[in-house]
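Observations on the model geometry
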Amino acid sequence: MGRRMAARCATQHDLSVWNRTATAAMNFAAEYPTNVARSPADLAALSDVVITMLADDQAARDVYFGADGLLMANGADLLVEMGTMSATLVREIAKAATC
């Protein structure tokens, strides 16, 4: 999620974050009240809602379907993808998330 959007959420909600660049998540947590997840799966386990903003299909595949991906854990009731990816991948994620 964009830093400014996450900062706004952190002021009004319990927030957990994960970033492909761990130092980015740690730096954010140093400024805002938040938990830092160890992996996307950990984030899903900590969260009711997960919002992602991923750059492309490969980044999304890694985050959703990777060994520690969002879809590998129980937890989040709602996944919201706001990144730039193909419609085919969005359908693939939706199918996997609802099975």
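The next subject is the overall build of the chain. Each helix and strand counted, the chain has 5 helices and 4 strands in total. Counted from the first residue to the last, the chain has its helices and strands arranged as α-β-α-β-α-β-α-β-α. Here the C-alpha radius of gyration of the chain, 13 Å, is about what a compact globule of 99 residues would show, namely 13 Å. Its C-alpha atoms put the chain at 35 × 25 × 25 Å along the principal axes. By the burial criterion, 30% of the 99 residues in the chain qualify as buried. For the chain, restricting intrachain contacts to residue pairs at least 6 apart in sequence, the fraction spanning at least 24 positions comes to 57%.

What follows covers the packing of helix α4 (residues 57-65) against helix α5 (residues 87-98). At a closest axis distance of 11 Å, the pairing of α4 and α5 adopts a crossing angle of 5°. Comparing the axis directions of α4 and α5 gives the class roughly parallel. Contacts from Asp57, Ala60, Arg61, Tyr64 and Phe65 of α4 reach α5 at Leu89, Glu92, Ile93 and Ala96. The residue inventory of the contact of α4 with α5, partitioned by class, reads 6 nonpolar, no polar and 3 charged.

A few words on the pairing of strand β3 (residues 49-52). Taking every second residue as pointing to the same face, the buried face of β3 carries Val50 and Thr52, while none of Val49 and Ile51 on the other face is buried. As defined by bridge partners, β3 adjoins strand β4 (residues 78-81) across 4 bridges and the pair is classed as parallel. Each residue of the ladder has a partner; that of valine 49, found in β4, is leucine 78.

A contiguous nonpolar surface patch, about 480 Å² in accessible area, is contributed by Met5, Val49, Ile51, Met53, Leu78 and Met82. Considering the arrangement of structural elements, one finds methionine 82 in the loop between β4 and α5. Judged by relative accessible area, which is 41%, methionine 82 ranks as partly exposed.

This paragraph deals with the nonpolar core. Leu54, Ala60, Tyr64, Leu70, Met85, Leu89 and Ile93 are the most contacted members of the largest nonpolar core, which totals 13 residues. Among the elements of the structure, α3 (40-46), α4 and α5 are those that each provide at least two residues to this core. Residue contributions to this core peak at 4 residues, all from α4. Not counting the four nearest positions on each side in its chain, leucine 70 is found in contact with Pro40, Ala41, Ala44, Val50, Thr52, Val63 and Tyr64. Membership of the second largest hydrophobic core comes to 7 residues, among which are Ala6, Ala7, Leu15 and Phe28.

This paragraph deals with the layout of surface pockets. Roughly 210 Å³ of internal volume is contained in the second largest pocket. Taken together, 13 residues line the second largest pocket, and the ones lying closest to its centre are Leu71, Ala73, Ala76, Leu79 and Ala97. At the level of elements, β4 and α5 are the ones that each hand at least two residues to the lining of the second largest pocket. Split by residue class, the lining of the second largest pocket holds 10 nonpolar, 2 polar and 1 charged.

About the criteria used
Throughout this description, residue numbers start from 1 for each chain and increase along the sequence as written. With the structure being a predicted model, the display of local features is reserved for residues of pLDDT at least 70 and the display and counting of side-chain atom pairs for 80 or more, all residues being used for whole-chain, interface and lining totals. For side-chain calculations, the full set of non-hydrogen atoms in the structure is used, while hydrogens and water are omitted. Secondary structure elements follow DSSP: runs of H or I no shorter than four residues count as helices, runs of E no shorter than two count as strands, and numbering proceeds from the N terminus. To get the radius of gyration, use the C-alpha atoms; to get the globule rule, take the number of residues to the power 0.38 and multiply by 2.2 Å. Only protein chains enter the accessibility calculation, which uses a 1.4 Å probe. A residue is then buried if its area is under 20% of the maximum for its type, exposed if over 50%, and partly exposed in between. Residues are treated as being in contact if the distance between any of their heavy atoms lies within 4.5 Å. To obtain an axis, a line is fitted to C-alpha atoms, over the contacting stretch when the element is a helix, and the angle between two such axes runs from 0 to 180 degrees between their N-to-C directions. Comment on the angle field: the value is read as roughly parallel under 35 degrees, roughly antiparallel over 145, roughly perpendicular from 65 to 115, and oblique elsewhere. By the convention adopted, Pro, Cys, Tyr, Trp, Phe, Met, Ile, Leu, Val and Ala count as nonpolar, Lys, Arg, Asp and Glu as charged, and the other residues, Gly among them, as polar. Note on pairing: DSSP must find at least two bridges between two strands before they are called paired. For patches, a residue must show more than 30% relative accessible area and have no salt bridge; joins then use 9 Å for like charges and 5 Å for nonpolar side chains, namely Val, Leu, Ile, Met, Phe, Trp and Tyr. Per-residue accessibility takes into account occlusion by the displayed protein chains alone, with areas from the Shrake-Rupley method and a 1.4 Å probe. Salt bridges are identified by distance alone: a Lys or Arg side-chain nitrogen within 4 Å of an Asp or Glu carboxyl oxygen. The term nonpolar core refers to a set of buried residues drawn from Ala, Val, Leu, Ile, Met, Phe, Trp, Tyr and Cys, joined through side-chain atoms within 4.5 Å. Computed over the protein atoms alone on a 1 Å grid, cavities are sets of points where a 1.4 Å probe fits but cannot get out and pockets are open sets with protein on both sides within 12 Å along at least five of seven lines; a residue lines them when it has an atom within 4 Å of a point. Grid points are joined across faces, edges and corners, and a volume is the space filled by probe spheres set on the points.

From the geometry alone we can't say anything about function, so treat these as descriptive.
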